[in-house]
Amino acid sequence: MAAAAPPPPPTAVPVEALPETKLARHPLFCRIRLANPSDVPHIHKLIHQMAVFEHLTDQFTATESSLSSTLFRSQPFQSVTVFILEVSPKPFPESNFNPLYKPKVRILNLDHPIDDPEKETFKSEGDDVVVVGFALFVPNYSTFLGKPGFFVEDILVRECYRRKGFGKMLLTAVAKQAVEMGYGRVEWTVLDWNVNAIKFYEHMGAKVLQEWRICRLTGEALQAYGN
Amino acid sequence: MAAAAPPPLPTAAPVEALPETKLASHPLFCRIRLANPSDVPHIHKLIYQMAVFEHQTDQFTATESSLSSTLSRSQPFQSVTVFILEVSPNPFPESNFNPLYKPKVQILNLDHPIDDPEKETFKSEGDDVVVVGFALFVPSYLSFLGKPGFFVEDILVRECYRRKGFGKMLVTAVANQAVEMRYGRVDWTVVDRNVNAIKFYEHMGAKVSPQYRICKLTGEPLQANGN
């Protein structure tokens, strides 16, 4: 998983935790929900932003069509699953949601509103709702535990929304879902030079395995194994 | 993935490649097929052997029951999938197989028969058929490609059968299946000091990513995210 920014120092607190003298001047309502097919254009752009961040745009061949046809073939959490993180200056309207996942809502108190140059591009349903990030994860299996787990392939928060705790919100939502489903483990990857991200993950209680490396068989080398 | 032994030097050739002067003195018929519920006791023992090999028996909590319930809920290749590798000194009898996967059969010519002290424990169906290893893999999702892949969680070959090419047979079977299904990549993990395994994987066409580290959130720090 590319954590597309080093983790933030905590700068925002939920409204309910503030003393009376400090009102929520710029509350930002935040919601994590399951993605649906209408989110595909946003997801496609966000994955492209991740490829740009990792300097891997030459490997980026996903299309909206390929995402549409592969992301929603199975029940959420049984196969690839996408969480969408959206924000709004107003409370979210009541909506119908996938009964398999009740959206998680919280309020951030910001000192300043966020200037979002891509606001129109990432407009979501409802007034002033914008998509700010996503997490894409798949179930895996821990043979020693004899239980499934989740592998988080990607988490991205759009640049202007970084350093506010959104990455942690997304990762926490995945971890919480794992616990609720009785899963044993949540895993992801980090680049070894991303020391801030590593500190953040360790602070969350994750262990960074220094000895293990990932092997990848892809492209022509993989095709050579065809019939 | 623990490769439970360094890779072998090639010592065996398929029967059909031998010149007339060298007959197959000890042919060994090898078959890779999808696991079925009756394989669970064997798979459980093999996973335990892997835990012993990795010095992680304290983390081993998998039971035959947890394994059965996971496998019974999993469509092959859409979820957790297990390939079983069996051998026999005789040709395999005709059997009914899962239509989703036609078993792969190969003949190894051995100079000496293999002495298998666990032959009775790992007896499979049919005369003289023994289970020698397995591969357990799950679908992954490659967001840049907009396609699934496979992640190989485990491969193990029983100790007396190592260094004969069985590990490679299992990886090849998974890679072949990925190509058949037009998946984009096959991934697994290796410990960085296992230079022989790394050389072997590179020889198979895999690239080892030096920069990525695996992060794992499990046990109490994971549970802390629950309600």
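Calculation criteria
- Residues numbered from 1 in each chain as written.
- Chains lettered and ligands numbered in written order.
- Predicted model: local features only at pLDDT ≥ 70, side-chain atom pairs only at ≥ 80, totals over all residues.
- Heavy atoms only, no water.
- Pairing = 2+ DSSP bridges.
- Helix = DSSP H or I, 4+ residues; strand = E, 2+ residues; numbered from the N terminus.
- Axes fitted to C-alpha atoms, helices over the stretch in contact; angles between N-to-C directions.
- Contact = heavy atoms within 4.5 Å.
- Buried area = accessible area lost by both parts, 1.4 Å probe.
- Salt bridge = Lys/Arg side-chain N within 4 Å of Asp/Glu carboxyl O.
- Polar contact = N/O pair within 3.5 Å; in protein donor to acceptor, adjacent residues only side chain to side chain.
- Nonpolar A, V, L, I, M, F, W, Y, C, P; charged D, E, K, R; others polar.
- Buried < 20%, exposed > 50% of the residue type's maximum accessible area, 1.4 Å probe, protein only.
- Disulfide = S-S within 2.5 Å.

Naming follows an unreviewed UniProt entry, where chain B appears as N-acetyltransferase domain-containing protein of Acacia crassicarpa.

An unreviewed UniProt entry annotates chain A as N-acetyltransferase domain-containing protein of Acacia crassicarpa.

Colleague: For this particular structure, what's the right way to read the sheet that holds strand E4 (residues 130-142) of chain B?
Modeller: Note: strands within a sheet are paired through backbone hydrogen bonds, in either parallel or antiparallel orientation. With mixed pairing, eight strands are arranged side by side in an open sheet as E3(B)-E1(B)-E2(B)-E4(B)-E5(B)-E6(B)-E8(A)-E7(B). Edge strands, defined here as strands with exactly one partner in the open sheet, are strand E3 (104-110) and strand E7 (207-209) of chain B. Averaged over all neighbouring strand pairs, the angle between strand axes comes to 30 degrees, with direction disregarded. Bridge analysis of strand E8 (residues 212-218) of chain A against E7(B) gives three bridges, and the strand direction is antiparallel. The partner of A:Cys215 across the bridge, within E7(B), is B:Val208.

Colleague: For this particular structure, what's the right way to read the interface of chain A and chain B?
Modeller: Size of an interface: often given as the accessible area lost when the parts come together. Contacts between the two partners involve 67 residues from chain A and, on the opposite side, 67 residues from chain B. Area buried by chain A at its contact with chain B is led by A:Phe144, A:Trp212 and A:Arg213, which between them contribute 15% of it. Summed over the shared surface of chain A and chain B, the number is six salt bridges. With a closest N to O distance of 4.0 Å, B:Asp187 and A:Arg216 form a salt bridge. Seen at the junction of chain A and chain B, the total is 31 residue pairs in polar contact (both at pLDDT 80 or more). Residues that form the side of chain A that touches chain B fall into these classes: 36 nonpolar, 18 polar and 13 charged. Taken together, the seven bridges between E8(A) and strand E6 (residues 185-191) of chain B define a ladder with antiparallel strand orientation. Bridging across to E6(B), A:Ile214 finds its partner in B:Thr189.

Colleague: What's the story with the environment of A:Phe200 in this structure? I'm lost.
Modeller: With respect to the secondary-structure elements, A:Phe200 resides in helix H4 (residues 195-203). Assessed through its relative accessible area of 16%, A:Phe200 is described here as buried.

Colleague: Would you mind showing me how to read the state of the cysteines here?
Modeller: In protein structure, a disulfide is the covalent linkage between the sulfur atoms of two cysteines. All chains considered together, the criterion is met by zero disulfides over all chains. Among the cysteines around B:Cys30, which has no disulfide bond, B:Cys160 carries the closest sulfur, lying 13 Å off.

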